Amino acid sequence: MSDHNIIRVAGTDRTFHRLKILVVVLLPLAMALMAVSAVNVALPTIELGLGATPSDVQWILSGYALALGVSLIPAGRAGDVLGRGSWFVAGLVLFVLASLACGLAPTPLLLNVARIVQGVGAGIFSPQVTGMIQQYFTGQGRAKAFAMFGLVISASVAVGPVLTGAIIQALGPEDGWRWAFFIYIPIGLLALTLALAWFPFETERKRRAARAGGGPASERLDLDPLGTILLTLAILALMYPFMAHQPWAWWLLPLAPVVLWLWVRWERGYAARGRAPMVDMNLFGFRSFRNGMLVSGVMFLGVASTFAVLALFLQNGLHVPAIAVGLIGLPNAVISAFSSIWSVKYVLSHGRRLIVWMLGLMVLGTALSIGVVVLLPYGVPWWALGATLALNGFAMGAIGSANQTLSLQDVPHEHGGTAGGIKQTVERIGAALGNAMIVGIFFAFVSAGYPGAFVAAYAAVTACVIAAAAIAVFDERQHHSIRA
């Protein structure tokens, strides 16, 4: 291993290695993403094994994403102040314990509670992943590290459904889904062992040295709890109507923008009083960050539920085996992994135009998927969806790499970690809201037939991607006019 990869920190004679740190942080990242993609395949068997209702199924998807989203920014700030390594370990321990609880859950309610705790665990360690990449990698090394970041995302999306489908196929539909949660335990324990052995724990060492020398051990930790509560309430007001299946719940929707306005007012006032707000509103003054965040957030609103709807349609509507449902997403993920690396060399020169074209490709892929389902009665095979969704995979990999780089391009270095956490939070919120909304649309139309429900849900996905493309076009034109 070259000297360039060696890290030395104050307080110890040991040397640490960037590539080892990267390996450790990417393992839990893979688990956190598998916990999203793999559960899509398990949903019908969870319905069978636990007698879960459609509302229960939506919470299994959205509860995790919501808990992850609201945990990211507070956990990121805590990691910055108290040490990213320690918070990574804490989140990983919580995730592993929650995975055990998910596998042992005797009722849908306890499964959903465990899934929320699992999401909190992922929300604690996830910002430490990007934080440590930014901390320990620079220049081209950081670009390569984020390329591996994208590769792991794609591989996790591929492995999760296939592995879950194979487990369910081998162990049966009633209990096989439990082992799809247990599989995270050995992976998590391996990552935990390597983290304790390979992490520098640099901030923690500095805090201990400060205490030993009689100096201040740390900055005051300010997690802005009221800001966190207000943002959580705003998201719940947006999500719950799509999950409750009760007429009164729709009255919550008008409250969401009101609570969001209160949150913004609180954050601005909190900063004016010299405190550390949950979100520094000045970050939204950077056009590249604001537009890039909106593109990815609106895109996730649609695409996050793509495979959940697909699994429900194929397994419940066409009675396709779970293993086959897992395999149909494999081309999507493999091509996404390729495109995430392929796109790196074009990001700085043609990145924004690339994002626009890739969103257009995603619209095409989703529309072709609708076409396959419409033509099923005329002999088009269901597995043709693997080819149409592969177009979405190519687009998703390229967009992820380009958007991540360009969104943070103009953000000052001292705000890089916070900005990255905000972007992830918006994406997770978009995913949570999208799962609630689009899976809700699927269930609303399923009484008229599964093909019609699939078409309605994928039409909503297409609308979200078109909206993201419109924002991307606006962003590209703004930056083009500035350059001109």
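See the structure printed just above.
Residues numbered from 1 in each chain as written. Predicted model: local features only at pLDDT ≥ 70, side-chain atom pairs only at ≥ 80, totals over all residues. Heavy atoms only, no water.

1. A look at the overall build of the chain
Stage number 1. Broken down by element type, the chain carries 18 helices and two strands.
Stage number 2. Dimensions along the principal axes, computed over C-alpha positions, put the chain at roughly 75 × 55 × 50 Å.
Stage number 3. Buried positions account for 56% of the 484 residues belonging to the chain.
Stage number 4. Here the analysis covers contacts within the chain between residues at least 6 apart in sequence; of these, 80% occur between residues at least 24 apart. (Helix = DSSP H or I, 4+ residues; strand = E, 2+ residues; numbered from the N terminus. Buried < 20%, exposed > 50% of the residue type's maximum accessible area, 1.4 Å probe, protein only. Contact = heavy atoms within 4.5 Å.)

2. Description of the side chain of Ser336
Stage number 1. Within the secondary structure layout, Ser336 lies in helix 14 (residues 330-342).
Stage number 2. Overall, the relative accessible area of 7% leaves Ser336 in the buried class.
Stage number 3. Once residues lying within four places of it in the same chain are set aside, the contact partners of Ser336 are Ser154, Gly393, Phe394, Met396 and Gly397.

3. Looking at the side chain of Thr462
Stage number 1. You can see Thr462 is positioned in helix 18 (residues 450-483).
Stage number 2. In contact with Thr462, other than residues within four places in its own chain, are Val363, Thr366 and Ile370.

4. Details of the environment of Pro108
Stage number 1. Mapped onto the elements, Pro108 comes out in helix 4 (residues 108-136).
Stage number 2. Owing to a relative accessible area of 14%, Pro108 belongs among the buried residues under this scheme.
Stage number 3. Excluding its chain neighbours within four sequence positions, the residues that come into contact with Pro108 are Leu50, Ala52 and Asp56.

5. Description of the environment of Ile183
Stage number 1. Take Ile183: it is sitting in the loop between helix 6 (176-182) and helix 7 (184-198).
Stage number 2. Residue classification places Ile183 among the partly exposed residues on the basis of a relative accessible area of 27%.

6. Considerations on the pattern of salt bridges
Stage number 1. Scanning the entire structure with this criterion turns up four salt bridges.
Stage number 2. Across the pair Glu476 and Arg353 runs a salt bridge whose closest N-O atoms are separated by 3.5 Å. Of this pair, Glu476 sits in helix 18 while Arg353 sits in helix 15 (residues 347-374), placing them 123 residues apart in sequence.
Stage number 3. Relative accessible area serves as the criterion here: at 45%, Arg353 is assigned to the partly exposed category. (Salt bridge = Lys/Arg side-chain N within 4 Å of Asp/Glu carboxyl O.)

7. Regarding the layout of surface pockets
Stage number 1. Looking at the second largest pocket, its volume works out to about 610 Å³.
Stage number 2. If you go around the second largest pocket, you meet 24 residues; those closest to its centre are Leu231, Ile235, Leu260, Val426 and Ile429.
Stage number 3. Mapped onto the lining of the second largest pocket, the elements with two or more residues apiece are helix 9 (225-244), helix 10 (255-272), helix 11 (287-303) and helix 17 (416-445).
Stage number 4. Among the elements that make up the lining of the second largest pocket, the one with the highest residue count is helix 17 (six residues).
Stage number 5. By residue class, the composition of the lining of the second largest pocket is 21 nonpolar, three polar and no charged. (1 Å grid on protein atoms, 1.4 Å probe; cavity = no way out; pocket = protein on both sides within 12 Å on 5 of 7 lines; lining within 4 Å. Points joined across faces, edges and corners; volume = space filled by probe spheres on them. Nonpolar A, V, L, I, M, F, W, Y, C, P; charged D, E, K, R; others polar.)

8. Here we look at the packing of aromatic side chains
Stage number 1. Evaluated as defined, the whole model comprises 16 aromatic pairs.
Stage number 2. Plain terms: the ring middles of Phe88 and Phe199 are 5.2 Å apart, the flat faces sit at 70° to each other, and that makes the pair edge-to-face. Placement of the pair is Phe88 in helix 3 (residues 84-104) and Phe199 in the loop between helix 7 and helix 8 (202-212), with a sequence separation of 111 residues.
Stage number 3. For the ring pair Phe338 and Phe394, a centre distance of 6.4 Å and an interplane angle of 40° mean the geometry is tilted. Here the residue Phe338 occupies a position in helix 14, and Phe394 occupies one in helix 16 (residues 385-407), the gap between them amounting to 56 residues.
Stage number 4. A connected cluster of aromatic rings, assembled from ring pairs, spans Phe88, Phe95, Phe125, Tyr184, Phe199 and Phe201.
Stage number 5. Here the basic side chain of Arg273 rests over the ring of Trp266, its NZ or CZ set 5.0 Å away from the ring centre. (Phe/Tyr/Trp six-rings, centres within 6.5 Å; stacked < 30°, edge-to-face > 60°. Lys NZ or Arg CZ within 6 Å of the ring centre and 35° of its normal.)

9. Side note on the nonpolar core
Stage number 1. By size, the foremost hydrophobic cluster in this structure holds 116 residues, and its most contacted members are Val25, Ile46, Phe88, Leu111, Phe199 and Leu359.
Stage number 2. With 19 residues, the single largest contributor to this core is helix 1 (residues 18-50).
Stage number 3. Beyond its immediate chain neighbours, meaning those up to four positions away, Ile46 contacts Val39, Gly51, Ala52, Ile60, Leu111, Trp177 and Phe181.
Stage number 4. Of all hydrophobic cores here, the second largest spans 15 residues; its members include Leu230, Trp263, Met281 and Leu408. (Core = buried A, V, L, I, M, F, W, Y, C linked by side-chain atoms within 4.5 Å.)

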